[in-house]
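One letter stands for each residue in the lines below.
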Amino acid sequence: MKRTHNCGDLRIGNAGDKVTIMGWIQRRRDLGGLIFVDVRDRSGLVQVVFNPDEVTTDLFTKAEKIRSEYVVAIEGTVQKRLQSNPNLATGEIEITVDSLRILDEAKTPPIYIQDDLNVNEDLRLKYRYLDLRRPIMQKNLILRHQVTMLVRQYLDRQGFLEIETPMLTRSTPEGARDYLVASRVNPGKFFALPQSPQLFKQILMAAGMEKYFQIVRCFRDEDLRADRQPEFTQIDIEMSFVTQEDVLQMMEEMIIEVFKGVGLNVEYPFPRMTYADAMRDYGSDKPDIRFGMKLVDVSEQVKNVGFKVFASTVQKGGQVKGIRAEGCAEFSRKEIDQLTQYVSIYGAKGLAWIALKEDEIKSPIAKFFTEEELGAIIDALEGKSGDLLLFVADSPKVVAASLGALRLNLGKQLGLVKEQEYKFLWVTEFPLVEYDEEMGRFVSLHHPFTHPLEEDINLLDTDPGEVRAQAYDLVLNGVELGGGSIRIHNSELQKKVFQMLSLTEEEINDKFGFLLEAFQYGTPPHGGIAYGLDRMIMLMAGGDTIRDVIAFPKTASATDLMTNAPSPVASDQLEELHVKVVERA
RNA sequence: GGAGUCGUAGUGUAGCGGUUAACAUGUCGGCCUGUCACGCCGAAGAUCGCGGGUUCGAUUCCCGUCGACUCCGCCA
């Protein structure tokens, strides 16, 4: 028996055709004297009918034994149905059976194979092979395949080479925690799984490959989120002899082509926003620009008011910002309490509010302001009757985090974000470094090879925190889709940046010596970008978690419920690796 | 590391200080020749996550623990 057709491809035009299909039993409808079964394969469903007037008794008896998820091969003839089913692509036809072969029987599955599945995710992960039989999951993985194909086609056309880099590599300082692999041959030494192929792709530029890409797994041993897995996939790209503008142009073209290629409508050219503007207006370096509700700084207006919380915050170098929730003046006390609760997660000590009701202004803080002062604040936020104004007074960091999050929360709650709308944004001019209180030194925002903006290079010695970088992120609907930079290719400048990061000569040589040495032999100016493929597919699929676009993802506690990884290993395995497990009290 | 939500037949839920632990669906059996989430009748199916405490009595209240999820920290 040889498969001739996919179930979901059969149409009325196939009527009369002799076909052989193979697939899983989706459902059996046994009417006693007549049996229907739906057969499913990757392409879809088709109805098969066992009619005793047309099939032998043996065959009919066999059909009675069929159960859900049995794997079958069916040879038969396509015929027009008596009544068609408009809900099914193949709904106009059915197959009458000449022969049935049960290729494999199946236990009753613990989860249903259907799209509108309401089941705990741990079961789905344990029985991932069943979960992946669901059409929606197959669709997600097909989409993923299509996207990687489109990316490869685009980059190939532009002259890029797909080059593999090592999975067993060396631990790098800063950045995320590494996954380590013990070396059997080299006692006491460890490989690290790559957090990204960053150094290798730059070396490939030094090596004259000019245009490199890779669709590559990366590993970071940090806590998980709905959009963060310990292993994830990057579309990693690097090119030589380019400026930031060259990179942005080409990458924008690629993204548009890929999104269009899978049938998604994209608005372009992508708008651009500096990091400073993004933080100022949205409290985020990855603003969701599908709606407004920008943060408004009222520090000027409140620096001398009688309301101590506001005035003293500003006087101590903090700031007061507000957002305008349109038409929310009638929020109940309970609703506002919930918002207060929400911003507290981000460190805000309180949430001040002014409700502009039709006939009155309601606010627990209004009494601390003169009418003029109150008017100035309301004007600053362009408050209108019916609005609710919400304020946080704190350090710029806390204000940005809490109000930025509150904005997103309200935007969602008020239905301001349209699903299936794709709004890209380039965020540019990131700071090169930021001061880390804990470490007592500056640390790279992107990575230590990021090139400063030319006009800011003179600030490297005097005011490192103010130096902007030739670094950029691509943001889609408030999600960081990718980021990159133009790299330093001059050893003098690189040394200077390392010094600014307070890295000692020894550390530099130990960690990056090979890169710096490579750069001494003639390195082209170069730069690139890396996209988070999982997030891209998640957004394309309209999902909430990258787990649904990864075939075998891990749980929030970084385990695999199907294989039960990680697991203990035999003591002789550890011994061979010169590793000893220490019980911690 | 921290905060929160959840955990009850295979699955999804309900429930309550004392119940025969309920409903739906699935499963199994019977009936059924045009169904398509087929229908009808019947049956089986529960260590109420685990451990401890309070109580005459705990699935229910409390504490701990384990697991799943969400978020903060973390993620150059």
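Above this text is the structure in question.
These notes cover the structure that comes with them. (Residues numbered from 1 in each chain as written. Chains lettered and ligands numbered in written order. Predicted model: local features only at pLDDT ≥ 70, side-chain atom pairs only at ≥ 80, totals over all residues. Heavy atoms only, no water.)

**Overview of the overall build of chain A**
Test applied: Put simply, DSSP H or I for four residues or longer makes a helix, DSSP E for two residues or longer makes a strand, and each gets a number counted from the N terminus. Here a residue-residue contact requires only that any non-hydrogen atoms of the pair lie within 4.5 Å. Residue-level accessible areas treat just the shown protein chains as cover; the underlying method is Shrake-Rupley with a 1.4 Å probe.
What chain A contains, in helices and strands, is 17 helices and 22 strands. Counting only C-alpha atoms and orienting by the principal axes, one finds that chain A spans roughly 95 × 75 × 55 Å. Of all intrachain contacts in chain A linking residues separated by at least 6 positions in sequence, the fraction that spans at least 24 positions is 67%. Of the roughly 30000 Å² of accessible surface on chain A, a fraction of 49% belongs to carbon and sulfur atoms.

**Brief notes about the pattern of salt bridges**
Spelled out, the test is: What counts as a salt bridge is simple: a side-chain nitrogen of Lys or Arg found within 4 Å of a carboxyl oxygen of Asp or Glu. Burial status follows relative accessibility: with a 1.4 Å probe on protein chains alone, a residue under 20% of its type maximum counts as buried, one over 50% as exposed, and anything between as partly exposed.
A complete count under the given rule lists 37 salt bridges for this structure. A salt bridge links Arg134 to Asp131; its shortest N-O distance comes to 2.6 Å. Neither Arg134 nor Asp131 differs from the other in exposure class; each is buried. When the shortest N-O distance is used, the salt bridge between Asp236 and Lys201 registers 2.7 Å. One end of the pair, Asp236, is in strand S10 (residues 231-240); the other, Lys201, is in helix H5 (residues 198-206), with 35 residues separating them in the sequence. In this structure Lys201 comes out as buried when scored by relative accessible area, which is 1%.

**Notes on the protein's contact with RNA strand B**
Stated precisely, the cut-off is as follows: Consider each residue's heavy atoms; a residue with any of them within 4 Å of a molecule or strand counts as near. Polar contacts, as counted here, are pairs of nitrogen or oxygen atoms within 3.5 Å of one another; within protein the pair requires one atom able to donate a hydrogen and one able to accept it, and residues that are adjacent in sequence qualify only if both atoms are side-chain atoms. Note that Gly is not counted as nonpolar here; it falls among the polar residues with everything else outside the nonpolar set of Ala, Val, Leu, Ile, Met, Phe, Trp, Tyr, Cys and Pro and the charged set of Asp, Glu, Lys and Arg.
Residues in contact with RNA strand B amount to 50 residues; listed here are only the nearest, Arg27, Arg81, Tyr112, Gly175 and His446. Sugar and phosphate atoms constitute 52% of the interface atoms of RNA strand B, taking the interface as everything within 4 Å of the protein. Measuring from a base oxygen of RNA strand B, one finds a side-chain N or O atom of Asp53 at 2.9 Å. The separation between a base oxygen of RNA strand B and a polar side-chain atom of Asn85 is 3.1 Å. Listed by contribution, the elements that provide at least two residues to the surface near RNA strand B are strand S1 (18-30) and helix H2 (121-126). For the surface near RNA strand B, the residue count by class is 16 nonpolar, 18 polar and 16 charged.

**A word on the environment of Phe310**
Residue placement: Phe310 occurs in helix H9 (residues 308-315). Relative accessible area serves as the criterion here: at 2%, Phe310 is assigned to the buried category. For the pair formed by Phe310 and Asp394, sequence separation is 84 residues and the distance between their alpha carbons is 8.6 Å. Beyond its immediate chain neighbours, meaning those up to four positions away, Phe310 contacts Val302, Val305, Val320, Ala352, Ile365, Phe369, Phe391 and Ala393.

**Regarding a nonpolar patch on the surface**
Keep this limit in mind: Note on patches: the residues involved have over 30% relative accessible area and no salt bridge, like charges join within 9 Å, and the nonpolar side chains Val, Leu, Ile, Met, Phe, Trp and Tyr join within 5 Å.
Taken together, the side chains of Tyr129, Phe552 and Met562 define a hydrophobic patch exposed on the protein surface, amounting to about 290 Å² of accessible area. Locating Met562 in the fold gives a position in the loop between helix H16 (533-541) and helix H17 (571-576). For Met562, a relative accessible area of 30% puts it in the partly exposed group.

**Regarding the nonpolar core**
Across soluble globular proteins, you tend to see nonpolar side chains buried next to one another. As a reminder, the rule being used: Take the buried Ala, Val, Leu, Ile, Met, Phe, Trp, Tyr and Cys residues and link them wherever side-chain atoms come within 4.5 Å; each set so joined is a nonpolar core.
Counting residues in hydrophobic clusters, the biggest one holds 45 residues, and the most contacted among them are Ile237, Met251, Met254, Phe259, Phe424 and Tyr531. At 9 residues, the largest contribution of residues to this core is made by helix H6 (residues 244-261). Non-local contacts of Tyr531, meaning those with residues more than four positions away in its chain, are made with Thr233, Gln234, Ile235, Ile237, Met251, Met254, Ile255, Trp426, Leu474, Leu481, Gly482 and Met536. Residues Leu199, Ala469, Phe498 and Leu503 belong to the second largest nonpolar core, which totals 29 residues.

**A look at unusual backbone geometry**
Residues Tyr268 and Pro269 are joined by a peptide bond in cis, for which omega reads 0°. For Pro269, the location among the structural elements is in the loop between H6 and strand S11 (272-274). Between Ala565 and the following residue, Pro566, the backbone shows a cis peptide bond with an omega angle of -5°. For Pro566, the location among the structural elements is in the loop between H16 and H17. At Glu382, a residue that is not glycine, the phi angle is positive and equals roughly 55°.

**Some points on the packing of H5 against helix H15 (residues 505-518)**
Put simply, the test is: The axes are straight lines fitted to the C-alpha atoms, using for helices just the contacting stretch, and the angles between their N-to-C directions are given from 0 to 180°. What sets the label is the angle itself: under 35 degrees gives roughly parallel, over 145 gives roughly antiparallel, 65 to 115 gives roughly perpendicular, and the rest give oblique. Note: crossing handedness is left-handed where the near helix turns anticlockwise from the far helix by less than a right angle, and right-handed where it turns clockwise.
Here H5 crosses H15 at 20°, and the two axes come no closer than 9 Å. Judged by the inter-axis angle, H5 sits roughly parallel to H15. Handedness of the crossing formed by H5 with H15: left-handed. Facing H5, whose interface residues are Leu199, Gln202, Ile203 and Ala206, H15 presents Phe512, Phe514, Leu515 and Ala518.

**Points about helix H11 (residues 371-380)**
Our working definition: The arc under discussion is defined with respect to the helix axis, by the directions toward the C-beta atoms.
Those residues of H11 that sit buried are Leu374, Ile377 and Ile378. End-on, the buried residues of H11 take up no more than an arc of 95°, which puts them together on one face. Residues of H11 that are exposed and point more than 90 degrees away from the buried face comprise Glu372 and Asp379. In this structure, the buried residues of H11 make contact with helix H8 (299-302), strand S14 (352-356), strand S15 (361-362) and strand S16 (388-394). Positive backbone phi, at 55°, marks Glu382, one or two positions downstream of H11.

**A word on the side chain of Thr20**
Structurally, Thr20 is set in strand S1. Setting aside residues no more than four positions away along its own chain, Thr20 makes contact with Met1, Lys2, Arg3, Thr4, His5, Ile74 and Glu75.

**Here's the deal with the packing of aromatic side chains**
For any pair of aromatic rings, the description rests on two quantities: the centre-to-centre distance and the angle between the ring planes. In plain terms, the rule: A pair of aromatic rings is counted whenever rings of Phe, Tyr or Trp (Trp by its six-membered ring) have centres within 6.5 Å, and the orientation is called stacked for planes under 30 degrees apart, edge-to-face for over 60 and tilted otherwise. Lysine NZ or arginine CZ positioned within 6 Å of the ring centre and within 35 degrees of the ring normal marks a charge as sitting over the ring.
Enumeration according to the criterion identifies 17 aromatic pairs in this entry. Ring centres of Phe270 and Trp426 lie 6.5 Å apart, and the angle between their planes is 40°; this geometry places the pair in the tilted category. Here Phe270, found in the loop between H6 and S11, pairs with Trp426, found in strand S17 (residues 424-428); they are 156 residues apart in sequence, far enough to count as distant. Judged by relative accessible area, Phe270 falls into the buried class, the value being 4%. On the basis of relative accessible area, Trp426 is assigned to the buried category, the value being 0%. Directly above the ring of Phe291 sits Arg407, whose terminal nitrogen or CZ lies 4.0 Å from the centroid.

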